[in-house]
Amino acid sequence: MVVDGKEAPPNPEQPSGPRTALRRAWTWVLLDGSRWWVTAALLALLFVVLGPVGHALLAVVEVETALAERHTVVPLVSTFLSGNFLLVSIVVSVSSLFVSQEQNTLPQQFGRVQSVVEYRRRLEDVAGLDHAPAAPERLLRVLSAEVLERAQQLQDELRAVDVDVRADVDAYVSSLSAETGEMNQELDGGATTFDVMLATMDYDHDRQINDLRGLRAEYGDALDERAEDRIDELLTLLQYFATAREYFKTVYMRQEFARLSRNLVVVSLPTIGLVSFALLHLNRLPQSHYLIVTVHVVALAPFTLLSVYVLRVSAVSSRTQAAGQFVAGRSGGDIRGPRED
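Parameters at a glance
- Residues numbered from 1 in each chain as written.
- Predicted model: local features only at pLDDT ≥ 70, side-chain atom pairs only at ≥ 80, totals over all residues.
- Heavy atoms only, no water.
- Helix = DSSP H or I, 4+ residues; strand = E, 2+ residues; numbered from the N terminus.
- Buried < 20%, exposed > 50% of the residue type's maximum accessible area, 1.4 Å probe, protein only.
- Contact = heavy atoms within 4.5 Å.
- Areas by Shrake-Rupley, 256 points an atom, 1.4 Å probe, with all protein chains shown as cover.
- Core = buried A, V, L, I, M, F, W, Y, C linked by side-chain atoms within 4.5 Å.
- Salt bridge = Lys/Arg side-chain N within 4 Å of Asp/Glu carboxyl O.
- Patch = residues over 30% accessible without salt bridge, like charges linked within 9 Å, V, L, I, M, F, W, Y side chains within 5 Å.
- Axes fitted to C-alpha atoms, helices over the stretch in contact; angles between N-to-C directions.
- Parallel < 35°, antiparallel > 145°, perpendicular 65-115°, else oblique.
- Nonpolar A, V, L, I, M, F, W, Y, C, P; charged D, E, K, R; others polar.
- Phe/Tyr/Trp six-rings, centres within 6.5 Å; stacked < 30°, edge-to-face > 60°.
- Lys NZ or Arg CZ within 6 Å of the ring centre and 35° of its normal.
- pLDDT = per-residue confidence, 0-100.
- Polar contact = N/O pair within 3.5 Å; in protein donor to acceptor, adjacent residues only side chain to side chain.

A.B. asks: I would appreciate a short explanation of the overall build of the protein in the present structure.
C.D. replies: The helix and strand inventory of the protein stands at 11 helices and 2 strands. For the protein, the sequential pattern of α-helices and β-strands runs β-β-α-α-α-α-α-α-α-α-α-α-α. Looking at the 341 residues of the protein, the share that counts as buried comes to 35%. Partitioning the intrachain contacts of the protein with sequence separation of at least 6 by distance along the chain shows that 79% fall at a separation of at least 24. As presented, the protein carries roughly 19,600 Å² of accessible surface, and 60% of it is formed by carbon and sulfur atoms.

A.B. asks: Explanation requested: the nonpolar core in the structure shown.
C.D. replies: Buried together is how nonpolar side chains tend to be arranged in soluble globular proteins. Core analysis: the largest hydrophobic core is formed by 47 residues, its most contacted members being Leu123, Leu140, Leu143, Tyr172 and Val316. Secondary-structure elements contributing two or more residues to this core are α1 (17-32), α4 (106-127), α5 (136-157), α6 (163-187), α7 (193-200), α8 (205-219), α9 (225-280) and α11 (301-319). A per-element tally of this core places α9 first, with 12 residues. By size, the runner-up hydrophobic cluster in this structure holds 14 residues, among which are Val29, Leu43, Leu260 and Val267.

A.B. asks: Mind showing me how you'd approach the pattern of salt bridges here?
C.D. replies: Where charged atoms from two side chains of opposite charge approach closely, those side chains can pair. Summed over all chains, the structure comprises 15 salt bridges. Notably, a salt bridge pairs Glu233 with Arg150, separated by 2.8 Å at the nearest N-O pair. Separated by 83 residues along the polypeptide, Glu233 in helix α9 and Arg150 in helix α5 bring together distant segments of the chain. By relative accessible area, which is 26% here, Glu233 ends up partly exposed. The partner of Glu256 in a salt bridge is Arg312, with the nearest N and O atoms 2.9 Å apart. Placement of Glu256 in helix α9 and of Arg312 in helix α11 is noted, with a sequence separation of 56 residues between them. When its relative accessible area of 0% is taken as the criterion, Glu256 is described as buried.

A.B. asks: Help me out: how do you make sense of the environment of Ala191 in this one?
C.D. replies: Position of Ala191 relative to the elements: it lies in the loop between α6 and α7. Assessed through its relative accessible area of 71%, Ala191 is described here as exposed. Measuring from C-alpha to C-alpha, the distance between Ala191 and Pro136 comes to 9.2 Å, with 55 residues separating the pair along the chain.

A.B. asks: I tried to follow a nonpolar patch on the surface on my own but got confused; where do I start?
C.D. replies: The grouping of Leu45, Val49 and Leu50 at the surface amounts to a nonpolar patch, some 240 Å² of accessible area in total. With a relative accessible area of 42%, Val49 lands in the partly exposed category.

A.B. asks: Help me understand the packing of helix α10 (residues 289-299) against α11, please; the structure alone is not making it clear to me.
C.D. replies: In a packed pair of helices, the relevant descriptors are the angle between the two axes and the axis-to-axis distance. Where α10 contacts α11, the axes come no closer than 4 Å and their chain directions differ by 40°. Classified by the angle between their axes, α10 and α11 sit oblique to one another. Across the interface between the two elements, Val297, Val298 and Ala299 of α10 pack against Ala301, Pro302 and Phe303 of α11. Grouping the amino acids of the contact of α10 with α11 by side-chain chemistry returns 6 nonpolar, no polar and no charged.

A.B. asks: Looking at this structure, I do not really get the environment of Gln152. What am I missing?
C.D. replies: Within the fold, Gln152 resides in helix α5. Owing to a relative accessible area of 39%, Gln152 belongs among the partly exposed residues under this scheme.

A.B. asks: Would you mind showing me how to read the packing of aromatic side chains here?
C.D. replies: Note on aromatic pairs: each is described by the distance of the centres and the angle between the planes. Enumeration according to the criterion identifies 5 aromatic pairs in this entry. Here Phe47 and Tyr290 contribute two aromatic rings whose centre-to-centre distance is 6.3 Å and whose plane-to-plane angle is 35°, an arrangement assigned as tilted. With Phe47 in helix α2 (residues 35-61) and Tyr290 in helix α10, this residue pair connects regions lying 243 residues apart in the sequence. Of the residues examined, Phe47 reaches a relative accessible area of 29% and is grouped as partly exposed. A relative accessible area of 36% means that Tyr290 is categorised as partly exposed. The aromatic ring of Phe194 is capped on one face by Arg312, whose charged end is 4.1 Å from the ring centroid.

A.B. asks: Would you explain the confidence of the model for the protein in this entry?
C.D. replies: In low-pLDDT segments, the atomic positions of the prediction should not be examined closely. Averaged over the protein, the pLDDT score is 78; the fraction of residues at 70 or greater is 82%. Below pLDDT 50 for its whole length, residues 1-14 participates in 6 contacts with residues either more than four positions away or in separate chains. Note on residues 330-341: pLDDT is under 50 here. Beyond four places in sequence and across chains, it has 27 contacts.

A.B. asks: Honestly, the side chain of Arg230 in this entry has me stumped. Any pointers?
C.D. replies: Position of Arg230 among the secondary structure elements: in helix α9. Within the local environment of Arg230, its side chain forms a polar contact with the side chain of Gln153, the two groups lying 2.8 Å apart. The contacts of Arg230, once residues within four sequence positions are left out, are Arg150, Gln153, Leu154 and Glu157.

Following this line, the structure appears as structure tokens:
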């Protein structure tokens, strides 16, 4: 980077090229990549490790025929076959569990629908809306806009108070605006529930609620009634945002596990067929290291697919954890730094 004709020194906090590439690759595997493509990439990596690399290592130690021997291949492939049968049974159990959760009595179903309607009605009253959007992306945009509007109104109403109060409120609004702007950029083009979850991962509403309550506790004597009302409205809107994100996360989890069950069945059935064919006709198959590796990699496909789904679900769950105003698992410190007297 060149500034005023001179090359600026590198930023030590900014990751270097290899680290950035590694982080992007890990993010793609963990979150961004299609589960099918991530599974294919991992299986290709397994083939390379078990195939050419493994063949070269075995050649070095002069045991290159070990994998081709039937007494080694048959138990291993049989274990894979048993594991795939077990995996299919687990998928059926998980699917049955999720289906059973949807089989509620009429009063329970009515209560679920009524709670959503009541949430929307209360949100419309607080935000002064005629009709709250139903699409997750639009609803979160409306909520974040209302939050920012209340925060800026609070900032304007505190122009005449103490300098320290204004400085802390300005810092809070600045942090809130930065997070909201980043979230809205991520929400652009978001068409699925997962896109919404990705966009809201770094929107730390727990921290915002905690810091706002801290401001009110510290400077309550300097706040007039209008400022107190703005803080109450802001806290309420942040709580509505937290509720909406948790609801959308629940919807995403159900959709993800449903896709996992379907895709595991789609992958497991051909895998079981191929592995069974290899066991039945092992005597007629050519003694090829790469053929054996191919059978092994295909047998690992269901486990690999399960792993990439579990990785993404666990990543979304951990990065969107919400513990109310306790900010569990995060830095519970204040956004305000130490003040010099």
